[in-house]
Amino acid sequence: MAQDQITAVTDLRGNIQPVSYDSALIETAVRLRVDRADKTDAGWMAEYRRELDEIYELPEQSRESAFVALDRRYFQRIGISSVVDECLAARAKVLSSATSIFLITAQSRSEEGADVTADGRLVIRVRHSSLENIAVFRDRLRRELLQAADCLNPAFGHSPGDFETLMPSEKERIRTAFSSLWALSARIRLCSEEMNTCEEELPLASMGCLARLRDKTLTALGLADEEKIQVLFSRMPDHPPTFRRMLEFCKEHLGSEKVSKGICILCRFPSEDVRPLAALPPELGRSLCVEFPHLQADSPICHRCVERQDSILNFSCKKGAHT
Ligand SMILES: [Zn+2]
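Rules behind the numbers
- Residues numbered from 1 in each chain as written.
- Predicted model: local features only at pLDDT ≥ 70, side-chain atom pairs only at ≥ 80, totals over all residues.
- Helix = DSSP H or I, 4+ residues; strand = E, 2+ residues; numbered from the N terminus.
- Rg over C-alpha atoms; globule rule 2.2 N^0.38 Å.
- Contact = placed C-beta atoms within 7 Å.
- pLDDT = per-residue confidence, 0-100.
- Axes fitted to C-alpha atoms, helices over the stretch in contact; angles between N-to-C directions.
- Parallel < 35°, antiparallel > 145°, perpendicular 65-115°, else oblique.
- Left-handed = near helix turned anticlockwise from the far one by under 90°.
- Nonpolar A, V, L, I, M, F, W, Y, C, P; charged D, E, K, R; others polar.
- Domains from an automatic or database assignment.
- Pairing = 2+ DSSP bridges.
- Buried ≥ 20, exposed ≤ 12 C-beta atoms within 10 Å, placed from the backbone.
- Core = buried A, V, L, I, M, F, W, Y, C linked by C-beta atoms within 7 Å.
- Expected span 1.5 Å × (residues − 1).

**Quick look at the overall build of the chain**
The secondary structure content of the chain amounts to 13 helices and nine strands. Its C-alpha atoms give the chain a radius of gyration of 26 Å, more than 25% over the compact-globule value 20 Å for 323 residues. Along the first, second and third principal axes, the C-alpha atoms of the chain reach 85 × 50 × 45 Å. Within the chain, counting contacts between residues at least 6 apart in sequence, those at least 24 apart form 65% of the total.

Take a look at the structure:
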């Protein structure tokens, strides 16, 4: 893979390794910016076009390297590398232990993110389209680099191999909930940093982002409210939960052991198949809560009681339709 190392424009980076950028990413980012240039870009656009014309006058064998050099200069100019440097500098203390840093092209939304390899390389993957809006790119990168810093922090105990110990039937579900939960933990810490640094109230965009992530996490965990998450996050922002603790939390709510044996809170019979109220279809859960107001999101309910309630619900719907 061809790469270009970009030297930081500012000296924010401290001891952090220089970032190696995928050259295809540099080229596309500059092209996109040229294609979408507006009046405010007129100055550098004219200069860029003039330099481009000069390259076409060079002998053919020298053109390719001249194009690459031109793209590199303008890539710095459009501000992406300074955003990357700024976000890295914000976590310099931990990220300086990364052995090298790469920013490469992601092929899909799900591929995007920052990972730390076993040998300590920090790899950031972004799609070209994610570079179009610098403010959104910065916001997302800040969160991803905070999570990358978690990976490099021994106290966090990053141990992705633990997912391999899960049953195939539960792995995907738990992995999805885990990634939401971890992102939420990072977002809460970022919001807390923002509150400490800005004198006014937290920007609406940050609050909106936090609320969306909270809802996504609750849904992924099948929880009706955030009470349990608040307990898990009770020592935030200074002591975020570790990798293991978050994985245990997801397993407690979604793991196969959750669906297995237990005593039904309604009929008091032991059953091989009890589920927490929050994991039932919402309409069924609501009707159970109306009938049994003492139920909690994690109250275990057996399959027979679920079927019984389902038939009551269907019956009252039909009755409602005829009267
Ligand atoms: Zn029951």
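**As for the confidence of the model for the chain**
Per-residue confidence for the chain gives a mean pLDDT of 85, with 90% of residues at or over 70. Mean pLDDT values over the elements of the chain span from 45, in strand β1 (residues 3–6), up to 96, in strand β5 (residues 121–126). Between residues 1–13, whose pLDDT stays under 50, and residues either more than four places distant or in other chains, the model counts 33 contacts.

**As for the packing of helix α4 (residues 80–90) against helix α6 (residues 134–152)**
Between α4 and α6, whose axes approach to 10 Å, the crossing angle comes to 30°. As the angle between them shows, α4 and α6 are arranged roughly parallel. Crossing angle aside, the handedness with which α4 passes α6 is right-handed. Residues Val83, Val84, Cys87, Leu88 and Ala90 of α4 form the contact with α6, whose participating residues are Ile134, Phe137, Arg138, Leu141, Arg142 and Leu145. Among the residues making up the contact of α4 with α6, the classes are represented as nine nonpolar, no polar and two charged.

**A look at the domain arrangement of the chain**
By domain assignment, the chain separates into domain 1 (3–152), domain 2 (160–257) and domain 3 (260–322). Taking the mean C-alpha position of each, domain 2 and domain 3 sit 27 Å from one another.

**Comments concerning the packing of α6 against helix α7 (residues 168–197)**
It is at 9 Å that the axes of α6 and α7 come closest, and there the two elements cross at 110°. In terms of axis orientation, α6 runs roughly perpendicular to α7. Our pair here, α6 against α7, has a crossing hand that is right-handed. Along its contact with α6, which presents Arg142, Arg143, Leu146 and Gln147, the element α7 presents Trp182, Ala183, Ala186, Arg187, Arg189 and Leu190. Its residues assigned to classes, the contact of α6 with α7 shows five nonpolar, one polar and four charged.

**Quick word on the pairing of β5**
Each regular strand displays side chains that alternate between the two surfaces of the sheet. In this structure, strand β3 (residues 100–105) lies alongside β5, joined through six bridges in parallel fashion. Pairing of Ile104 across the sheet is with Arg125, part of β5. One ladder, built from four bridges, connects strand β4 (residues 113–116) with β5; its direction is antiparallel. Note that in β5 the partner of Val116 across the bridge is Leu122. Linking β4 back to β5 in an antiparallel pair, the connection comprises four residues, with Gly120 at a positive phi of about 85°.

**Thoughts on unusual backbone geometry**
With an omega of 0°, the peptide bond running from Met236 to Pro237 counts as cis. Within the secondary structure, Pro237 is located in the loop between α9 (227–232) and α10 (243–254).

**Here's the deal with the pairing of strand β2 (residues 19–22)**
Only one face of β2 is covered, namely the one carrying Val19 and Tyr21; the face carrying Ser20 and Asp22 has none of its residues buried. As paired strands, β2 and β3 are joined by three bridges and run parallel to one another. Along β3, the bridge assignment pairs Ser20 with Phe102.

**Things to note about the nonpolar core**
In terms of nonpolar packing, the biggest core is built from 48 residues, with Leu145 and Cys250 touching the most fellow members. If one sorts the elements of this core by residue count, α7 sits on top with seven residues. Viewed by domain, this core spans two of them, domain 1 (3–152) and domain 2 (160–257), each represented by three or more residues. Once residues within four sequence positions are removed from consideration, Cys250 is found in contact with Ile174, Ala177, Phe178, Leu181 and Leu221.

**Re helix α3 (residues 60–77)**
In this model, α3 (18 residues) spans 26 Å end to end at C-alpha, consistent with the 26 Å of a helix rising 1.5 Å per residue. The set of residues buried in α3 consists of Arg72, Tyr74 and Phe75. Residue Gly79 follows α3 closely and has a positive phi angle near 95°.

**Considerations on helix α2 (residues 42–56)**
Between its terminal C-alpha atoms α2 stretches 21 Å, which fits the 21 Å expected from 15 residues at 1.5 Å a residue. Across the 15 residues of α2, one count as buried, placing the element largely on the outside.

**A closer look at the environment of Ala155**
Along the chain, Ala155 falls in the loop between α6 and α7. By C-beta crowding, Ala155 is classed as exposed, having 9 other C-beta atoms within 10 Å.

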